[in-house]
Amino acid sequence: MDRKREIYSVELSGTKDIEKTDKEDGKEKSRGLKNKCLERKKNHQKEELKKELDLDDHKLSKEELEAKYGTNIITGLSSAQAAELLAQHGPNSLTPPKGTPEIIKFLKQMIGGFSILLWIGAILCWIAYGIQYSNDHSSSLDNVYLGCVLALVVILTGVFAYYQEAKSTNIMSSFQKMIPQQALVIRDSEKKTIPADQLVVGDIVEIKGGDRVPADVRLLSTQGCKVDNSSVTGESEPQARSCEFTHESPLETKNIAFFSTTCLEVSAPPVGTATGMVISTGDRTIIGQIASLASGVKDSKTPIAIEIEHFVHIVAGVAVSVGIIFFIIAVSMKYHVLDSIIFLIGIIVANVPEGLLATVTVTLSLTAKRMAKKNCLVKNLEAVETLGSTSIICSDKTGTLTQNRMTVAHLWFDHQIFVADTSENHSNQVFDQSSATWASLSKIITLCNRAEFRPGQESVPIMKKTVVGDASETALLKFSEVMLGNVMDIRKRNRKVAEIPFNSTNKFQLSIHETEDPDDKRFLVVMKGAPERILEKCSTIMVNGQEQPLDRSTAEAFHTAYMELGGIGERVLGFCHLYLPTDEFPETYSFDVDTMNFPTSNFCFVGLLSMIDPPRSTVPDAVTKCRSAGIKVIMVTGDHPITAKAIAKSVGIISANSETVEDIAKRLNLPVEQVNKQDAKAAVVTGMELKDMSPEQLDELLANHSEIVFARTSPQQKLIIVEGCQRQDAVVAVTGDGVNDSPALKKADIGIAMGIAGSDAAKNAADMVLLDDNFASIVTGVEEGRLIFDNLKKTIAYTLTKNIAELCPFLIYIIAGLPLPIGTVTILFIDLGTDIIPSIALAYEKAESDIMNRKPRHKKKDRLVNPPLALYSYLHIGLMQALGAFVTYFTVYAQQGFLPTTILHLRLEWENDNVNDLEDSYGQEWTRYQRKYLEWTGYTAFFVSIMIQQIADLIIRKTRRNSICQQGLFRNKIVWVGIASQIIIALILSYGLGSIQALNFTMLRPQYWFVAVPHAVLIWVYDEVRKLFIRLFPGSWWDKNMYY
Amino acid sequence: MTKTDKKSFNQSLAEWKLFIYNRTTGEFLGRTAKSWGLILLFYLVFYGFLAALFSFTMWAMLQTLNDEVPKYRDQIPSPGLMVFPKPVSALDFSFSLSDSESYQGYIDDLKKFLKPYGLEEQKNLTDCTSGTFFEQKGPEYTACQFPLALLEACSGVDDPTFGYQEGKPCILVKMNRIIGLKPQGEPRIECISKSESTAFLSTYPSNGTIDLKYFPYYGKKLHGSYLQPLVAVQVSFGSDGDVKEVMVECKIDGSPNLKTQDDRDKFLGRVAFKITMHA
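Calculation rules
- Residues numbered from 1 in each chain as written.
- Chains lettered and ligands numbered in written order.
- Predicted model: local features only at pLDDT ≥ 70, side-chain atom pairs only at ≥ 80, totals over all residues.
- Heavy atoms only, no water.
- Helix = DSSP H or I, 4+ residues; strand = E, 2+ residues; numbered from the N terminus.
- Buried < 20%, exposed > 50% of the residue type's maximum accessible area, 1.4 Å probe, protein only.
- Contact = heavy atoms within 4.5 Å.
- UniProt positions renumbered as here; feature names shortened; annotations may be inferred.
- Salt bridge = Lys/Arg side-chain N within 4 Å of Asp/Glu carboxyl O.
- Pairing = 2+ DSSP bridges.
- Axes fitted to C-alpha atoms, helices over the stretch in contact; angles between N-to-C directions.
- pLDDT = per-residue confidence, 0-100.
- Parallel < 35°, antiparallel > 145°, perpendicular 65-115°, else oblique.
- Nonpolar A, V, L, I, M, F, W, Y, C, P; charged D, E, K, R; others polar.
- Expected span 1.5 Å × (residues − 1).
- Arc of directions from axis to C-beta.
- Buried area = accessible area lost by both parts, 1.4 Å probe.
- Polar contact = N/O pair within 3.5 Å; in protein donor to acceptor, adjacent residues only side chain to side chain.

Topic: the overall build of chain A
Step number 1: Counting its regular elements, chain A contains 35 helices and 33 strands.
Step number 2: Expressed as a percentage of the 1044 residues in chain A, the buried residues total 57%.
Step number 3: Sequence separation of 24 or more characterises 71% of the internal contacts of chain A that already satisfy a separation of 6 or more.

Okay, here's the thing in structure tokens:
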């Protein structure tokens, strides 16, 4: 045996490239870990982190292993040794990927978005006060207060956003801790059950069928052990495990079982369990190393984060440019620089929607909650919207599209194919069961089967019962239990006297039973196996309960049925039986399975039965929905192309009338090369083909075919596919469950991990977890995501509108010298007071039309905030609001004695503290404080007017295209809660807190509340007209310029 | 990825150029001439409509107002006190005896302020009965005379420098006009010197009385010739030191409905000022 040391080097480059160099002989092996070396690799040399895995434990004998790890196979480690090793190597668990430190997250909230603008505002306030103070020590503290208020606003919204984020992250972490794993270990010569994370290298562990392997284990004694390695290597077939060293590679050799894989079965007692020695734990396991690769894939920004950034840039750009323009205007109008700075602060505060980012966070978390109810658990809040903009879904087959269990799909007997019900509960089996052949066939199915229900599940529905046995046998057991009732009872009545289990050389399984008829002393031999092998052993065939000789035509009928069932990707089994004559095989006959002292030919062929992992019943509908929503669904599976294609066809990923290049070739009887590739809508690509493709070819494939199935792919090839899709400017959602999927999950715009089948590593890498592993849940997620995008548009439009009404006063104040119509603090009361609940209420708005009937938004063209939205909010509704508010303002001043003509250019005298006898239009004289109080009344009036018109704004924002009457004014109750909150907050501010001087509110005369109402009505009417024209003239100039 | 995403300077320049004027589509700043025309026309019409609407609402609002009396007078229930002349900054009179330029401004201001109080100007005014309100029913409203002689030494008749030249400056104290205000009791303005100086204050008319006949005021339009009652304060310093300084506080006394104490409004019914006189 070659003792050459084998070295695996797992290289990991900083951002995206994953490469595994196999230094052994370059032979094609271990599909799972093999991967792509992208040309950019060299650019990342510096970031490369090199780890070397040096594993040769599989080549050592038991004694060498004992010596190496200082343990004893019979007695195990001593507790002291174990404790020491545990302290040395740490617990046996995967280190979760390093998240951003909390403090960084917090600081990000503090300086992200508009915060930086507000900080600038606050600092300018303090600077202004500093200058004032150095000139005049008695100057008022107003600017200091304003600065503090601004700082407080930033800190509060920051803390709030941080809290929201943290809350949604907590949901996730609690979810992860649900099931602590246990391991059965031998220590101090005793069997103990300990938490799996307490395992150390050298521990002797026992593994039963159904257990998760608790660490990387070198098997010492086992029989008939099978493991599911799909999460490591992507092989979906169960892999046999034994104690022998079979391969140089630790990934291929049969005597190592990997951490977190599932042990499917171990031969029945007396052995019952597999015993093994722990050879590596935690992050040093193979899986740990793969998982750490995922952390090298950088998180890209979510689409909504990009949109919000874009929006922040627009608003900040407007704020800063308007601020600077008016700073220059103010300075050139000979205003004091200090005053100009204060104007600048006012303009910034007026322009920045302080409450909006917090609102967006709340809106997203509301949707996240709603989605969690529909089994989509969102880890990253922003991912809520990402699903909505998804244009390609790369979905797994097993478990996501299918039920992840073999199920009997078809039967063939009496020269006829019968369809069995494959829905989740098998409720209505409608095929004809009157034939005597069926009676024989069902007997074989029931008897020639070693699978058993685990005891103690009497109350569990049949389809949900846990079974000990492999997938096919489980399917047959459940099928016969549904068809015939109590299988165990039937088996008891037909006592088994001998059996030959299935093995890959025989390709059949056989058992011999006594019959349940006490008068019939014959033995019944039942056999199932690969159809062609079964047919070879038969000389007769049962038709309608009668044995007939097996002639050529019957054999052809058999082949046609076999090919037909196999062609649709189903696993086909043949069944036959033979009654042994009593004279040769009396009741006392002793059967010996080793010498086979009984006939194994001239059986009577009874029927065929085919099985498939059927699609979930909700999936076809969901795929259709995706298709009409313009989302391309790509299947990526490790399964056979035929099975994959069959499932793809049955769920509609490949639609009924579309063909692959191969189909066309077959239909036209042409060689594949001569077929025009453009004609084929669908494509089935295997991993081998994919491996030979250049990125350009892949791009071409992805662009030219709308229906694609990738079969026989390794999970790592998913990464290539995802990158290919992303090159098409698509927003890609990827589903995955294995550890090996985690790089692709990270790379995807939205990674979706399976909650039931998913490994922790996959869940860590994903942005979203599907609690029910169901593809249909993704579709509801898409729907929610699209809705939230639409509603965020509405929220932003609503919030931006009043910014003009808040900004205009400052501009007019600077240019026309009116007493200030609205104060900075008052603006904050709108932005963070009256407007908050209404803008959240828009998140509850129902969709205007079927959002699942339009194309996904284009990442770069369909922006959250587009020019029509900004223009319509700022220059149409915003301006109308400003006018309405100014009417109220002028009314208040005029009715108190200051006519509009008088207050024009009155600012300098108005604000002069030494002028205490300022004459109004009627000859009365006002002290400074009396004017100030009037100014506050003006603020309150302006505030109330904006609030009243924001009610109209809120109502019109319910829809973007439809009339409010179509949408229903009262359907969204939360909007009315929002309106009520606006009014109540305004009432409290004016009448409740009107006496608190610092807030600058006064008790407003009731009639001033209604001055802006006509303007509010006008806003509503104007918007209805806008929507009417949009509906009447779709695609027109009006539509292009007015629809946001 | 970053490499391909970053556009070269030339590329972005070309993009900008294309945005400013796209030869193939004839788009200027992203719109064709027709589109620009339509959008400008739209905004012209839309804003024209808004402007008309705003003007109309303002006009309608102004129609509801009364020319003579403001609709509400609740925000000035009680008058403020103010002094005259008004120093440049704060209420701080500062001048130098030896430099006539330093107080010439005050004198000019006072002269200008007292011009409507001249004999010639008061010719047509009514000589009303002292001690009662001079209530009128209209339609013609007339004002009561306020003879300058009441201000005695500060009237500017005998001493055209209002005492500044002699080092005995005069400051006029007046009560803000409020339409319809009727002080109760016998309002007078009382001034006291706050600092511990030897300054002596004399008020004219004696006792600082404000006669009730000057109330109520009927507003600028009806009561155009109205003369505000004045009280003059004359400060005379003792003979010590080069710099003479005094804080004077005046407030309304004797009228319960005129407020003189308000924490926020330092000028409601009271006024404080400082006089600094250099040698």
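Some details on the UniProt feature "transmembrane region" (unreviewed entry) in chain B
Step number 1: According to UniProt, the positions carrying the feature "transmembrane region" (unreviewed entry) are residues 38-62 of chain B.
Step number 2: When the span residues 38-62 of chain B is considered, its composition is 100% helix and 0% strand, and the gap between its end C-alpha atoms is 36 Å.

Some details on the side chain of threonine 686 of chain A
Residues and elements named next belong to chain A.
Step number 1: Positionally, threonine 686 belongs in strand β27 (residues 682-686).
Step number 2: Take threonine 686: its relative accessible area is 17%, and that puts it in the buried class.
Step number 3: Other than its neighbours up to four places away in sequence, threonine 686 contacts Pro641, Ala711 and Arg712.

What about the pattern of salt bridges?
Step number 1: A complete count under the given rule lists 50 salt bridges over all chains for this structure.
Step number 2: Of the charged contacts, one joins lysine 681 of chain A and glutamate 707 of chain A as a salt bridge, the two residues approaching to 4.0 Å between their closest N and O atoms. Note that lysine 681 of chain A is positioned in the loop between α19 (661-668) and β27 and glutamate 707 of chain A in strand β28 (residues 707-711), a separation of 26 residues in sequence.
Step number 3: Overall, the relative accessible area of 41% leaves lysine 681 of chain A in the partly exposed class.
Step number 4: Residue class for glutamate 707 of chain A comes out buried when judged on its relative accessible area of 2%.
Step number 5: Among the charged side chains, a network of salt bridges with common partners joins Asp917, Glu919 and Glu925 of chain A together with Lys86, Lys174, Arg177 and Lys220 of chain B.

Structural notes on the sheet that holds strand β4 (residues 182-187) of chain A
Residues and elements named next belong to chain A.
Step number 1: Here we have six strands laid out as an open sheet, ordered β5-β4-β6-β12-β7-β10, and antiparallel in their pairing. Looking along the sheet, the strands with just one partner apiece sit at the ends: β5 (190-195) and β10 (256-257).
Step number 2: Where β4 meets β5, six bridges bridge the pair, whose relative direction is antiparallel. Within the sheet, the bridge partner assigned to leucine 184 lies in β5 and is threonine 193.
Step number 3: In the packing of helix α1 (residues 62-69) onto the sheet, the strands contacted are β7 (216-221) and β12 (274-280), and the crossing angle to β12 comes to about 45°.

Digging into the confidence of the model for chain B
Residues and elements named next belong to chain B.
Step number 1: The pLDDT averaged across chain B works out to 87; a share of 95% of its residues lies at or above 70.
Step number 2: Element-level mean pLDDT values for chain B span from 43 in helix α1 (residues 2-5) up to 93 in helix α3 (residues 33-63).
Step number 3: Low pLDDT, under 50, characterises residues 1-5; the predicted model gives this stretch two contacts beyond four residues in sequence or across chains.
Step number 4: Scored as a whole, the predicted complex attains pTM 0.80, and scored at its interfaces, ipTM 0.92.

Regarding the packing of helix α31 (residues 928-956) of chain A against helix α33 (residues 973-992) of chain A
All names here are of chain A.
Step number 1: The geometry of α31 relative to α33 is characterised by a closest axis approach of 10 Å and an angle of 175° between their N-to-C directions. Here α31 lies roughly antiparallel to α33, going by the angle between them. Contacts from Thr940, Phe943, Met947, Gln950, Ile951, Leu954 and Ile955 of α31 reach α33 at Val975, Trp976, Ile979, Gln982, Ile983, Ala986, Leu989 and Ser990.
Step number 2: Among the residues making up the contact of α31 with α33, the classes are represented as 11 nonpolar, four polar and no charged.

Some points on helix α4 (residues 101-114) of chain B
All names here are of chain B.
Step number 1: End to end, α4 covers 20 Å across 14 residues, agreeing with the expected 20 Å (1.5 Å per residue, within 8%).
Step number 2: Within α4, burial applies to Tyr103, Tyr106, Ile107, Leu110, Phe113 and Leu114. Here the buried residues of α4 occupy an arc of 130° about the axis, which is enough to place them on one side. For α4, the exposed residues lying more than 90 degrees away from the buried face are Glu101 and Lys112.
Step number 3: Those residues of α4 that are buried are in contact with β4 (81-84), β5 (92-96), β6 (170-175) and β9 (230-236).

Details of the interface of chain A and chain B
Step number 1: Each partner contributes to the interface: chain A provides 48 residues, whereas chain B provides 51 residues.
Step number 2: Buried area between chain A and chain B, both sides added, is near 4,200 Å², and the carbon and sulfur share of it is 57%.
Step number 3: At the boundary of chain A and chain B, one finds seven salt bridges.
Step number 4: For glutamate 919 of chain A, the salt bridge is made with lysine 220 of chain B, and the minimal N-O distance between the two is 3.8 Å.
Step number 5: Linking chain A with chain B are 23 residue pairs in polar contact (both at pLDDT 80 or more), by the criterion used here.
Step number 6: At the level of elements, α28 (867-896), β33 (925-926), α31, α34 (1013-1032) and α35 (1037-1042) of chain A are the ones that each hand at least two residues to the side of chain A that touches chain B.
Step number 7: Broken down by element, the residue count for the side of chain A that touches chain B peaks at 13 residues, all from α28 of chain A.
Step number 8: Broken down by class, the residue content of the side of chain A that touches chain B amounts to 22 nonpolar, 18 polar and eight charged.

Some details on the environment of methionine 635 of chain A
Residues and elements named next belong to chain A.
Step number 1: On the secondary structure map, methionine 635 appears in strand β26 (residues 632-636).
Step number 2: With a relative accessible area of 0%, methionine 635 lands in the buried category.
Step number 3: Residues methionine 635 and lysine 443 lie 192 residues apart in sequence; the distance between their C-alpha atoms is 38 Å.

With respect to the UniProt feature "transmembrane region" (unreviewed entry) in chain A
Residues and elements named next belong to chain A.
Step number 1: Mapped onto this structure's residue numbering, the UniProt feature "transmembrane region" (unreviewed entry) falls at residues 111-132, 144-163, 311-335, 341-364, 865-890 and 975-994.
Step number 2: In residues 111-132, the share of helix is 86% and the share of strand is 0%. The end C-alpha atoms are 28 Å apart.
Step number 3: With 100% helix and 0% strand, the stretch residues 144-163 has end C-alpha atoms that lie 28 Å from each other.

Quick notes on the environment of leucine 969 of chain A
Step number 1: Inspection of the secondary structure assignment puts leucine 969 of chain A in the loop between α32 (964-967) and α33.
Step number 2: Not counting the four nearest positions on each side in its chain, leucine 969 of chain A is found in contact with Ile955, Lys958, Ile964, Trp976 and Trp1020 of chain A.

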